[in-house]
Amino acid sequence: MKAHERFPLLPIARGEGAWLIDFEGRRYLDGVSSWWVNLFGHSNFEINTALLDQMGKLEHVMLAGFTHEPAVALAEQLSALAPGRLGHAFFASDGASAAEIALKMAFHYWANRGRPGKKRFVALAGGYHGETIGALSVTDVAIFRDAYGPLLRENILVPFPGDAGAIEALEKVLAEHSGEIAALIVEPLVQGASGMRMYPSAYLKRARELCTKREVLLIADEIMTGFGRTGSMFACEQAGIAPDLLCLSKGITGGYLPLSCVLSSDEVYAAFYDDDVTRGFLHSHSYTGNALACRAALAVLDIFKRDHVIDANRERAARLSEAAHDALAKHRNVRNLRNLGMIWAFEVESADPQFARKAFELALRRGVLLRPIGKTVYFMPPYIVSEAEFDLLVDAGVAIADAA
């Protein structure tokens, strides 16, 4: 808030497609999908229609002794789409909650199986899983973690998958500490908050093999990577693997309403299925399985299916990547231009400690919303972005690089 004395908040009046519009009528291209949540544009007609219909039926009922059609239908559809046998859904409100649930569930799974000593977690260097206490304990982004360090549990950090010797380091840790490790948690293929760091699918494949061998659960945090961001519905598909627990949020409702979900395997579910309530998974959210949020998510899945979005995005990404490459790849201040699915990122060489803020402001002046992470500039637009609109993102990126 101190910073906003100099740089006032930008009040947005409405959204329209890939654009945000302020009260003066100025338009801003949403190049980051409003923090990675918007898939099919603002004020999407089909999602609007579904929500209006649902509001006339049921807005919410507690999922304690009750259920409703949108929650049941969404759980069934997510299970059918997910890799492997992830047949059970636990709904919550946001991404950090999903990560927290998965961590608690992994520990409780082993406790129910008579192995309560398995209570530590392995996480990747540079990983981000949210800002609740448990999620922060497996997060390795200093700006979020350091202030709360004294509150956090000690877990085990292994090298970023793109580093030399990363899989060997993971293998060594799992071999030496398997008796105390409940789960390995990863962001599949892309680490978002540490700068859109991308790594090969071979790491995930080997990690799955090692976790199975050493009796360690695998948690896939697809909060950002899920729902088509990496070029497949879920990033895990590109490695041909299935996790034991799959965390979903962000794009699940197309950017409309808070919702998250943890899908678990049949084996994990079975460990909690008991007459003894203390063996049950005890975790409550007042708005768990909210009917409006679930209906929005169902509308999103309808669009995916009807419009063959995954295939269309592959073609769209190939065309858009040409524009990004032509303008940025050889720029004197640009390094490591990369793309995966509907994510593009590059680093800008700059000695300015205020680079991210100044780049954000420069882009806004050009009618584009970009939000650099350190020296990393990235594009993550809604899937409806046109080639002309994407060119505006690229032009803003060039302007940022020119000014560095």
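Here the structure is a predicted model, which means the values were calculated and not measured.

Cut-offs applied
- Residues numbered from 1 in each chain as written.
- Predicted model: local features only at pLDDT ≥ 70, side-chain atom pairs only at ≥ 80, totals over all residues.
- Heavy atoms only, no water.
- Helix = DSSP H or I, 4+ residues; strand = E, 2+ residues; numbered from the N terminus.
- Rg over C-alpha atoms; globule rule 2.2 N^0.38 Å.
- Buried < 20%, exposed > 50% of the residue type's maximum accessible area, 1.4 Å probe, protein only.
- Contact = heavy atoms within 4.5 Å.
- Areas by Shrake-Rupley, 256 points an atom, 1.4 Å probe, with all protein chains shown as cover.
- Lys, Arg positive; Asp, Glu negative; His and termini not counted.
- Charge placed at Lys NZ, Arg CZ, Asp CG, Glu CD.
- UniProt positions renumbered as here; feature names shortened; annotations may be inferred.
- Patch = residues over 30% accessible without salt bridge, like charges linked within 9 Å, V, L, I, M, F, W, Y side chains within 5 Å.
- Salt bridge = Lys/Arg side-chain N within 4 Å of Asp/Glu carboxyl O.
- Pairing = 2+ DSSP bridges.
- Axes fitted to C-alpha atoms, helices over the stretch in contact; angles between N-to-C directions.
- Polar contact = N/O pair within 3.5 Å; in protein donor to acceptor, adjacent residues only side chain to side chain.
- Core = buried A, V, L, I, M, F, W, Y, C linked by side-chain atoms within 4.5 Å.
- Domains from an automatic or database assignment.
- Expected span 1.5 Å × (residues − 1).

Some points on the overall build of the protein chain
Here's step 1: The helix and strand inventory of the protein chain stands at 13 helices and 16 strands.
Here's step 2: Taking 404 residues into account, the globule formula puts the C-alpha radius of gyration at 22 Å, and the protein chain, at 21 Å, falls close to it.
Here's step 3: Projected onto the principal axes, the alpha-carbon positions of the protein chain cover approximately 60 × 55 × 45 Å.
Here's step 4: Relative to its 404 residues, the protein chain shows a buried fraction of 54%.
Here's step 5: Partitioning the intrachain contacts of the protein chain with sequence separation of at least 6 by distance along the chain shows that 72% fall at a separation of at least 24.
Here's step 6: For the protein chain, the computed accessible surface area is about 18000 Å², with 55% contributed by carbon and sulfur atoms.
Here's step 7: Taking the average location of the 41 positive side-chain charges in the protein chain and that of its 48 negative ones, the two points are 4 Å from each other.

Remarks on the UniProt feature "binding site: pyridoxal 5'-phosphate" (unreviewed entry) in the protein chain
Here's step 1: Here, UniProt's "binding site: pyridoxal 5'-phosphate" (unreviewed entry) annotation points to G95, A96, D221, H285 and S286. Annotated residues spanning 192 residues; largest pairwise C-alpha distance 22.8 Å, indicating distribution over more than one region.
Here's step 2: As for its placement among the helices and strands, G95 is situated in helix 4 (residues 95-112).
Here's step 3: Overall, G95 belongs to the buried group, its relative accessible area being 14%.
Here's step 4: Here H285 shows up in the loop between helix 9 (266-270) and helix 10 (291-306).
Here's step 5: If sequence neighbours within four positions are ignored, H285 has contacts with A92, S93, S97 and I101.

Here's the deal with a nonpolar patch on the surface
Here's step 1: Among the surface-exposed residues, I133, Y148 and L151 lie close enough to one another that they form a single nonpolar patch of about 300 Å² accessible area.
Here's step 2: As for its position among the elements, Y148 is in the loop between helix 6 (142-145) and strand 6 (156-158).

Observations regarding the sheet that holds strand 14 (residues 343-348)
Sheet strands pair by backbone hydrogen bonding; their relative direction is either parallel or antiparallel.
Here's step 1: One open sheet accounts for three strands, arranged 13-14-16; its pairing is antiparallel. Both edges of this open sheet fall to strand 13 (334-340) and strand 16 (376-379), since each of them pairs with a single strand only. In this sheet, neighbouring strand axes are inclined to one another by 15 degrees on average, regardless of whether the strands run parallel or antiparallel.
Here's step 2: Taken together, the five bridges between strand 13 and strand 14 define a ladder with antiparallel strand orientation. The residue of strand 14 that forms the bridge with N339 is W344.

Some remarks on the environment of N339
Here's step 1: Here N339 is to be found in strand 13.
Here's step 2: It is 26 Å that separates the C-alpha atoms of N339 and R365, two residues lying 26 residues apart in sequence.
Here's step 3: Beyond its immediate chain neighbours, meaning those up to four positions away, N339 contacts M198, S321 and W344.
Here's step 4: A polar contact of 3.2 Å, which involves the side chain of N339, links it to the side chain of S321.

A look at the nonpolar core
Most often, soluble globular proteins have nonpolar side chains that are buried together.
Here's step 1: Formed by 104 residues in total, the largest nonpolar core has its most connected members in L170, L184, F227, F304 and F379.
Here's step 2: Element by element, the count of residues in this core is highest for helix 10, at 11 residues.
Here's step 3: A domain-level breakdown of this core finds at least three residues from each of domain 1 (2-30 + 309-403) and domain 2 (48-306).
Here's step 4: Discounting chain neighbours no more than four positions away, the residues touching L170 are V122, V158, L184, Y203, A207 and L210.

Considering helix 3 (residues 69-81)
Here's step 1: Taking 1.5 Å of rise per residue, 13 residues should cover 18 Å, and helix 3 covers 18 Å from first to last C-alpha, within 8% of that figure.
Here's step 2: Every buried residue belonging to helix 3 is among P70, A71, A73, L74, A75 and L78, and all of these are buried.
Here's step 3: Each element contacted by the buried residues of helix 3 is listed here: helix 2 (45-55), strand 4 (88-92), strand 11 (245-248), strand 12 (260-264) and helix 10.

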